[in-house]
Each structure stands twice: as C-alpha cells, then as structure tokens.
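Chain and residue survey
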Amino acid sequence: MATQLSPYDQNDPPILLQSEDEQTTPAGDGIERLTVTLRVRRFNPELDAEPHWEDYTVTVLGTDRVLGALEQIKGEIDGSLTFRRSCAHGVCGSDAMRINGRNRLACKTLVKDCNPGSPILVEAIKGLPLEKDLVVNMEPFFAAYRDVLPFLITSGQEPTRERLQSQHDRDRFDDTTKCILCAACTTSCPVYWTDGQYFGPAAIVNAHRFIFDSRDDGAHQRLEILNEKEGVWRCRTTFNCTEACPRGIEVTKAIQEVKRALLFRRV
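The rules behind each value
Position labels on residues start from 1 in each chain and follow its written sequence. Totals for whole chains, interfaces and linings use all residues, but because this is a predicted model, local features are given only for residues with pLDDT of at least 70 and pairs of side-chain atoms are given and counted only at 80 or more. As a rule here, side-chain values come from all non-hydrogen atoms in the structure, and water together with hydrogens is ignored. In short, DSSP must find at least two bridges between two strands for them to pair. Secondary structure elements follow DSSP: runs of H or I of four or more residues count as helices, runs of E of two or more count as strands, with numbering from the N terminus. For helices, the fitted axis covers only the stretch in contact; all axes are lines through C-alpha atoms, and the angles between them, taken along N-to-C directions, range from 0 to 180 degrees. Note on contacts: a residue pair is in contact if any heavy atoms of the two residues lie within 4.5 Å. To sort residues, take the accessible area from a 1.4 Å probe on protein chains only and compare it with the maximum for the residue type: under 20% means buried, over 50% means exposed, and anything in between is partly exposed. Between the rings of Phe, Tyr and Trp (Trp by its six-membered ring), a pair exists once the centres lie within 6.5 Å; its type follows the angle of the planes, with under 30 degrees stacked, over 60 edge-to-face, and the other angles tilted. Only when the NZ of Lys or the CZ of Arg is both within 6 Å of the ring centre and within 35 degrees of the ring normal is a charge said to sit over the ring.

What follows deals with the sheet that holds strand β5 (residues 96–99). What the five strands build is an open sheet, ordered β4-β3-β7-β5-β6; its pairing is mixed. Edge positions in the open sheet fall to β4 (52–61) and β6 (102–105), since each of these has one partner strand only. Neighbouring strand axes in the sheet, compared pairwise and without regard to direction, differ in orientation by 35° on average. One ladder, built from three bridges, connects strand β3 (residues 33–42) with strand β7 (residues 120–123); its direction is parallel. In the sheet register, Leu 38 faces β7, and the bridge partner there is Ile 120. Of the strands in this sheet, β3, β4, β5 and β7 are in contact with helix α2 (residues 66–76), which crosses β4 at around 110°.

Another aspect to go through is the environment of Glu 250. Within the element layout of this structure, Glu 250 appears in the loop between α8 (240–244) and α9 (251–264). Under the relative-accessibility criterion, Glu 250 is labelled partly exposed at 43%. Distance from Glu 250 to Thr 176, taken between C-alpha atoms, is 8.0 Å for residues 74 residues apart in sequence.

Next up on the list: the packing of aromatic side chains. The final tally for this structure, using the stated rule, is one aromatic pair. Considering the side-chain rings of Phe 141 and Phe 142, the 5.2 Å spacing of their centres and the 75° angle between planes classify their relative orientation as edge-to-face. Against the face of Trp 193 rests Lys 126, its NZ or CZ located 3.8 Å from the ring centre. The ring of Phe 212 carries Arg 172 above its face, with NZ or CZ at 4.0 Å from the centroid.

Residues Ala 96 and Arg 98 line one face of β5 and the alternating positions Met 97 and Ile 99 line the opposite face, and both faces are buried. Direction of pairing for β5 relative to β6: antiparallel, over a ladder of four bridges. Bridged to Ile 99 within β6 is Arg 102. The antiparallel hairpin formed by β5 and β6 contains two residues in its connecting segment, where Asn 100 sits at a positive phi of about 50°. Alignment of β5 against β7, held across two bridges, turns out to be antiparallel. Counterpart to Ile 99 in the pairing with β7 is Val 122.

What follows is the structure, given as structure tokens:
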C-alpha cells in the first residue's frame, strides 16, 4: 500500500490511502470476519402456496448487524428478498423480525451474538398476515393502537399557558413513552397469535402512556375500552413481551398497572 501526501496540504503528515480492494479487508483492527449462513423463510404470494426456507452464505464482520447481512444478500445475491427497514439505528422499529426464534430488531442484533457457527434463522414476526418474505400487514396492529386513543384528551377551555407537569408526574409514565411501535412485543404474545381480537401489549402500553399522564382527562374512557373481554384481561403474564421489547420497556409491569387501575378505579 503506497504512502501519498494529502493533496490539500503538503505540510500535513502523510496520509495512507487504500485501494478499493484493500478497503474491503480491515487491516490490524482486530475485528473478526465471519462466513455465516442466513436461513431465511421466503414467501412470494404470486409463486408460493406456502412459505419455505432458503439458505444464503455471506461474509460479514463480527460487529455487523443482521440487517447488514440481509442487505448484502439483497444487493449481491438475490434482489427479490423483501424486508422493511428505514433508520437502521433502532428508532423507527420497521425491521422487527424473528431471529433464531426471538423477536428482535435486525438493525440492533449483532451477527456474532446469533451463534454464527450454525445457520441463523430469519423469518417474519408472527400473528400478523404475511405479505411477502419478511413483510407482514401491520394494519391490525395499528388498528388496535388507534382504538386506545393514543393522544392527549383534555377538557375545559384552552389554557393560556403550557400545561405544567412535575418531574414526579412525568416519571409515572416515562417508561411507556419509549415505544417505537415495532410490534415486537405484540407479536411475541401467544394470546395474540391465537386471538384475533386481543389488543396486544403495544396498544396497552400506549394506553398506559396517557392513562397515567397527569395532563390527560381521558383515562376513564381508555380504561373502559381496555376493560372489554378482548382487552387487558386477556394478558396471561408470560413476560414474552417484556423480553422482546428492543427499548427495554417493562411491558408486563405496565399491563399490570392498567389492570390495577381498573380494579381500584384509580390511576
């Protein structure tokens, strides 16, 4: 590898420039390269009667995410592979999928943490209609979200100043403000898989966020919605949702607090 001077300032220390081939292989950084097999559950509704598994072998860095491996497959091996992604930083929640049997965000899951010595199983999240490959129809999920009125409800005259809130009051619901609507919690729930009417953990979490907000006047209305037979009482406290949440929300705890508010009619 040749040493060349920066064209911007001949007085600067020499800058090492790499050829394109050299840049593909990290030199001396200690990051291991892995040759891994991703076993992806494919489904094309125009061609397939049922989903099937296909294997793809790629070479990645140990620090690469599963999303990067999927993009490598799509860009270099099979452009028909279909999945959702957007920010790739664990904020948008669009790339939730089952990886080795667990709901995760592909952009937050390191390849090296997925037992790369064996095929890494990648499939769509469960409980929602499968559209193609790793893409599901999210409308039932968002319908449940809309049903719990996920917005501030107030009464009386419009205030002349901002609605103030103490730090203590904010802390009461701070955890549930972290939800990014990725559906990882809801689609990890066995009840949701089998009961097409259950609101699911994410909807209850987002109801919790407003039920316990001291500025909101719609708590009673939301509690009545969640008191229906397919509401909060369908939860069986398996903790799958809490384990699946990529934001670390204590989902099961939030559901129990909503149940308690219904029992005692007090928030």
